[in-house]
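Breakdown of the fold
In case you want the letters, here they are:
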There are 2 protein chains.
Amino acid sequence: MTKSLKKPATMSDVAKEAGVSLKTVSRVFNNEKYVTEDKKARILEAAKTLNFQPAVAARGLAGGRSFMIGLFVDDASGDYVAKMMRGLVNACDATGTHLVVEVIRDLDDVSKVQRAVASVRFDGVILPPPLCDAPALLAFLRENGVPVARIGAGQALEDFASVYIDEELAAYKMTDYLIAKGHKKIGFIIGDPEHACSALRETGYRRAMAAAGLTVEDRFLAQGYFNFPSGRDAAQTLMQGAPDLTAVFASNDEMAAGAVDYLSNAGVRVPDDLSVVGFDDDIAASMMSPTLTTVRQPIEDMARQAHALICNPGDYQKIQHRFSVDIVERQSVRAV
Amino acid sequence: MTKSLKKPATMSDVAKEAGVSLKTVSRVFNNEKYVTEDKKARILEAAKTLNFQPAVAARGLAGGRSFMIGLFVDDASGDYVAKMMRGLVNACDATGTHLVVEVIRDLDDVSKVQRAVASVRFDGVILPPPLCDAPALLAFLRENGVPVARIGAGQALEDFASVYIDEELAAYKMTDYLIAKGHKKIGFIIGDPEHACSALRETGYRRAMAAAGLTVEDRFLAQGYFNFPSGRDAAQTLMQGAPDLTAVFASNDEMAAGAVDYLSNAGVRVPDDLSVVGFDDDIAASMMSPTLTTVRQPIEDMARQAHALICNPGDYQKIQHRFSVDIVERQSVRAV
DNA sequence: CTGAAAGCGCTTACAG
DNA sequence: CTGAAAGCGCTTACAG
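A quick note: this is a predicted structure, and the numbers were derived from the prediction, not measured. (Residues numbered from 1 in each chain as written. Chains lettered and ligands numbered in written order. Predicted model: local features only at pLDDT ≥ 70, side-chain atom pairs only at ≥ 80, totals over all residues. Heavy atoms only, no water.)

A word on the domain arrangement of chain A
As assigned here, chain A comprises domain 1 (11-51), domain 2 (68-166 + 300-323) and domain 3 (167-299). Each of domain 1 of chain A and domain 3 of chain A has a C-alpha centre, and the two are 59 Å apart. (Domains from an automatic or database assignment.)

Overview of the protein's contact with DNA strand D
The full set close to DNA strand D counts 24 residues, and Thr24 of chain A together with Met11, Lys23, Ser26 and Asn30 of chain B are the nearest of them. Counting only atoms of DNA strand D within 4 Å of the protein, the sugar-phosphate share comes to 63%. One of the backbone nitrogen or oxygen atoms of Met11 of chain B is found 2.7 Å away from a phosphate oxygen of DNA strand D. Elements represented by at least two residues in the surface near DNA strand D include exactly helix H2 (22-29) and helix H4 (56-63) of chain A together with helix H2 (22-29) and helix H4 (56-63) of chain B. It is H4 of chain B that contributes the most residues to the surface near DNA strand D, five residues altogether. (Near = heavy atom within 4 Å. Polar contact = N/O pair within 3.5 Å; in protein donor to acceptor, adjacent residues only side chain to side chain. Helix = DSSP H or I, 4+ residues; strand = E, 2+ residues; numbered from the N terminus.)

Some points on the protein's contact with DNA strand C
Contacts to DNA strand C come from 24 residues, most closely from Met11, Lys23, Ser26 and Asn30 of chain A together with Thr24 of chain B. Counting only atoms of DNA strand C within 4 Å of the protein, the sugar-phosphate share comes to 64%. Arg59 of chain A places a side-chain nitrogen or oxygen 3.2 Å from a phosphate oxygen of DNA strand C. When residues of the surface near DNA strand C are assigned to their parent elements, the largest contribution, five residues, is made by H4 of chain A. Taken together, the residues of the surface near DNA strand C sort by class into 12 nonpolar, seven polar and five charged. (Nonpolar A, V, L, I, M, F, W, Y, C, P; charged D, E, K, R; others polar.)

Let's talk about the interface of chain A and chain B
At the junction of the two partners, chain A supplies 50 residues and chain B supplies 51 residues. Buried surface at the junction of chain A and chain B, both sides included, amounts to about 4300 Å², of which 56% is carbon and sulfur. Scanning the region where chain A abuts chain B turns up two salt bridges. The salt bridge partner of Lys112 of chain B is Asp93 of chain A, with a shortest N-O separation of 2.5 Å. One can count 10 residue pairs in polar contact (both at pLDDT 80 or more) joining chain A with chain B. (Contact = heavy atoms within 4.5 Å. Buried area = accessible area lost by both parts, 1.4 Å probe. Salt bridge = Lys/Arg side-chain N within 4 Å of Asp/Glu carboxyl O.)

Quick notes on the pairing of strand E8 (residues 247-250) of chain A
Residue and element names in this part refer to chain A. The two faces of E8 match: Ala247 and Phe249 on one face and Val248 and Ala250 on the other face are all buried. Here four bridges tie strand E6 (residues 186-190) to E8, and the two strands are oriented parallel to one another. Considered in E8, the bridge of Gly187 is made with Val248. Sheet topology note: the E8/strand E9 (residues 275-277) ladder contains three bridges and is parallel. Bridge pairing links Val248 to Val276 in E9. (Buried < 20%, exposed > 50% of the residue type's maximum accessible area, 1.4 Å probe, protein only. Pairing = 2+ DSSP bridges.)

What about the pairing of strand E3 (residues 124-127) of chain B?
Residue and element names in this part refer to chain B. Residues Gly124 and Ile126 point to one face of E3 and Val125 and Leu127 to the other, with burial holding for every one of them. Relative to E3, strand E1 (residues 68-73) runs parallel, the two being bridged by three bridges. The residue bridging Ile69 from the neighbouring strand is Gly124, located in E3. Chirality of the crossover, the property in question, places the unit of E3, helix H7 (residues 135-143) and strand E4 (residues 148-151) among those that are right-handed. (Right-handed = clockwise from strand over helix to strand, strands pointing away.)

Considering the sheet that holds strand E2 (residues 98-103) of chain A
Taken together, the 12 strands give an open sheet; going across it, the order is E11(A)-E5(A)-E4(A)-E3(A)-E1(A)-E2(A)-E2(B)-E1(B)-E3(B)-E4(B)-E5(B)-E11(B), and neighbouring strands pair in mixed fashion. Edge positions in the sheet fall to strand E11 (320-323) of chain A together with strand E11 (320-323) of chain B, since each of these pairs with one other strand and no more. Geometrically, the sheet is characterised by an average inter-axis angle of 20 degrees between neighbouring strands, direction not taken into account. As defined by bridge partners, strand E5 (residues 161-165) of chain B adjoins E11 of chain B across four bridges and the pair is classed as parallel. The residue bridging Tyr164 of chain B from the neighbouring strand is Arg322 of chain B, located in E11 of chain B. Taken strand by strand, helix H13 (residues 299-311) of chain A contacts strand E1 (68-73), strand E3 (124-127), strand E4 (148-151), strand E5 (161-165) and E11 of chain A, and its axis lies near 165 degrees from that of E5 of chain A. (Axes fitted to C-alpha atoms, helices over the stretch in contact; angles between N-to-C directions.)

Comments concerning the sheet that holds strand E7 (residues 221-223) of chain B
Residue and element names in this part refer to chain B. Taken in spatial order, the four strands of this open sheet run E7-E6-E8-E9, and their pairing is parallel. The open sheet terminates on both sides in strands that have one partner only, identified here as E7 and strand E9 (275-277). The average angle at which neighbouring strand axes cross in this sheet is 15 degrees, direction not considered. Contacting strand E6 (186-190) and E7, helix H9 (residues 196-211) runs over the sheet at an angle of about 165 degrees to E6. Packed onto the sheet, helix H11 (residues 253-265) meets E6, strand E8 (247-250) and E9 and runs at close to 160 degrees relative to E9.

Side note on the environment of Cys311 of chain A
All names here are of chain A. With respect to the helices, strands and loops of the structure, Cys311 is situated in helix H13. The class of Cys311 is partly exposed, set by a relative accessible area of 29%. It is 51 Å that separates the C-alpha atoms of Cys311 and Gly241, two residues lying 70 residues apart in sequence.

Regarding helix H1 (residues 11-18) of chain A
The periodicity of an α-helix, 3.6 residues per turn, causes residues three or four positions apart to be oriented the same way. Residues and elements named next belong to chain A. Listing the buried residues of H1 in full gives Met11, Val14, Ala15 and Ala18. The buried residues of H1 occupy one face: seen down the axis, they fall within an arc of 100 degrees. Set apart from the buried face of H1 by more than 90 degrees, the exposed residues are Lys16 and Glu17. Of the surrounding elements, those touching the buried residues of H1 are H2 and helix H3 (37-50). For H1, the N-terminal cap is Thr10; the gap from its side-chain oxygen to the backbone nitrogen of Ser12 is 3.1 Å. Immediately beyond the C-terminal end of H1, within one or two residues, lies Gly19, with a positive phi of roughly 70 degrees. (Arc of directions from axis to C-beta.)

Some details on the nonpolar core
Ile126 of chain A together with Met84, Ile126 and Ile151 of chain B are the most contacted members of the largest nonpolar core, which has 154 residues in total. Sequence-distant contacts of Met84 of chain B, defined by excluding residues within four places in its chain, comprise Leu71, Val73, Pro128, Ile151, Ile299 and Ala303 of chain B. (Core = buried A, V, L, I, M, F, W, Y, C linked by side-chain atoms within 4.5 Å.)

Brief notes about the packing of aromatic side chains
Residues and elements named next belong to chain A. In this structure the tally under the stated criterion is eight aromatic pairs over all chains. Between Phe29 and Phe52 the ring centres are 5.1 Å apart and the planes differ by 85 degrees, which places this aromatic pair in the edge-to-face class. Of this pair, Phe29 sits in helix H2 while Phe52 sits in the loop between H3 and H4, and the two are 23 residues apart along the sequence. What makes Phe52 buried here is its relative accessible area of 5%. Taking the centre distance of 5.5 Å and the plane angle of 80 degrees together, the rings of Phe72 and Phe122 count as edge-to-face. Of this pair, Phe72 sits in strand E1 while Phe122 sits in the loop between helix H6 (111-120) and E3, placing them 50 residues apart in sequence. With respect to burial, Phe72 and Phe122 carry one shared label: buried. These aromatic residues form a ring-pair network of at least three members: Phe188, Tyr205 and Phe249. When the ring centre of Phe279 is taken as reference, the NZ or CZ atom of Arg201 above it lies at 3.6 Å. (Phe/Tyr/Trp six-rings, centres within 6.5 Å; stacked < 30°, edge-to-face > 60°. Lys NZ or Arg CZ within 6 Å of the ring centre and 35° of its normal.)

The structure is reproduced here in structure tokens:
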């Protein structure tokens, strides 16, 4: 009736219990073929009664796989990271691999990455923005042969796996959506210049405006940094320079939320006086009021796919996986 | 000029390069004493030029430490998790240890935990709510001798390290704050019953009311589940049954945000018609409008401390570390 | 203060 | 289909 008291069972314990060799046990835990069903069953049963689970440390040392997937982020906060983590943890569970999170603040200093990589020997590393576009980091990982999957990268790179959306097209569509609603003077809040997607989304906005024959005046644009306060500030700038706008497209939801916050405090009603849209379908988008019309990108799925690209030994490089986006219509837009 | 091309350097490489034995190199990387400064310097230099970093897998196998800290959560979303992660990653960086995130959805099913623990052999595991109060999980970890640090646990447990705040006192203070502002009819939105803190916060609220000679009628209470929609629903329930309330204390910020959302859509102005306060100082608290008065608990610091309790070989058990809280005054309360 | 030996728990070739 | 041997890169006792 006593449970396992301290020392975890080892593969040899299982081998002995099942009356087979070490190697045979190893085979079943690695899904190799050539093991009779008979033995396999005995081994699995022995493993179960002994509560055996192969130790990743030993497997790593002997086999060259660490069973560790690195998620490198510049900041662990935010709904974007949370969504990636959900997708990744899920994929990890399904593959017997584990998610280790590393925060890399300085995109130009590779030393921390080098230490992490050298000590953990990740089976692969996931790089969300803005790390996915950091040249120094990418170069280091390439030189050291670390499998990489980039999420939401701004530009394609032949030798790295990548999952992404067409940022420019997405912004184009959203702008077009606003235009279809009758808006002509549409403002735009630019994202953090450090993120490659910022320029792409701006381009999409400009293209859509141009395609509709609408002019983009300088005063229609304001610089933000993908966070709430900068959205607030940008809205203020916009309202001062371009009070004639009927809609504002913030290039992410946090900024949109900041903008709406500023506006409501300034007595500008959304969407009655001004329509506002965002990008990401951040959790904040459904928690604010009015709820925010935004571009949804399937981050959780993208993360899962990124994990797959890393784990499948197939030529993971060269694999570029594009995801499509939807516009989620909520309450923050009004037709004019 | 060629950089490290593939195979990472090993400790033997460093030993050779520095002209010492393997063991001596090992000594300096483990901060053992008895190494002459002279040799130590040579070793460190050799390590640097070779870009050497001890492999955790090898260290783990030989030394019995995995250098992995497990963060077990029931859901990877939310600002609470983000804050913990920030504190933990920070502590990990400082100690050469790594953060592995595992999502445990079923609090009664130990099988997933058992698999993770057996394969990774965590140096320790961090348990935030509600996992920190899950009996089955705790029992398993105890039986297997896994060092544990609980964050925000509802009840003390002699044999597990714990960092926490006095939930009841915090809720008492917040209620008292509202009372000091002249409120007498104060509503309360109860948190998820699965979280031990929910009952404690409710008790704090009730005690403060009683201490002030105020009555808590049943209609002053509504059940929530610590998320936005449930806050919205609870506010509706409250407004229907107790339209005479002048303040509502939501036992976390997400519910408070949901409540405010419902209220503003229902034409109830916050704080003019009704004051609302929350708990946590979630990022949402400063992003909503009005900004939310709430209880701030130092989650990041608590997480760092939890990590320390696990890593310091001292009798980590028995160590119960209490943190204090502050009331953050913002815009959602009005004196009556 | 320093080092040679053994071994951690697996997987990798290699034989059969 | 199965197993015995060697070795992954470190740390642990143990000697000196």
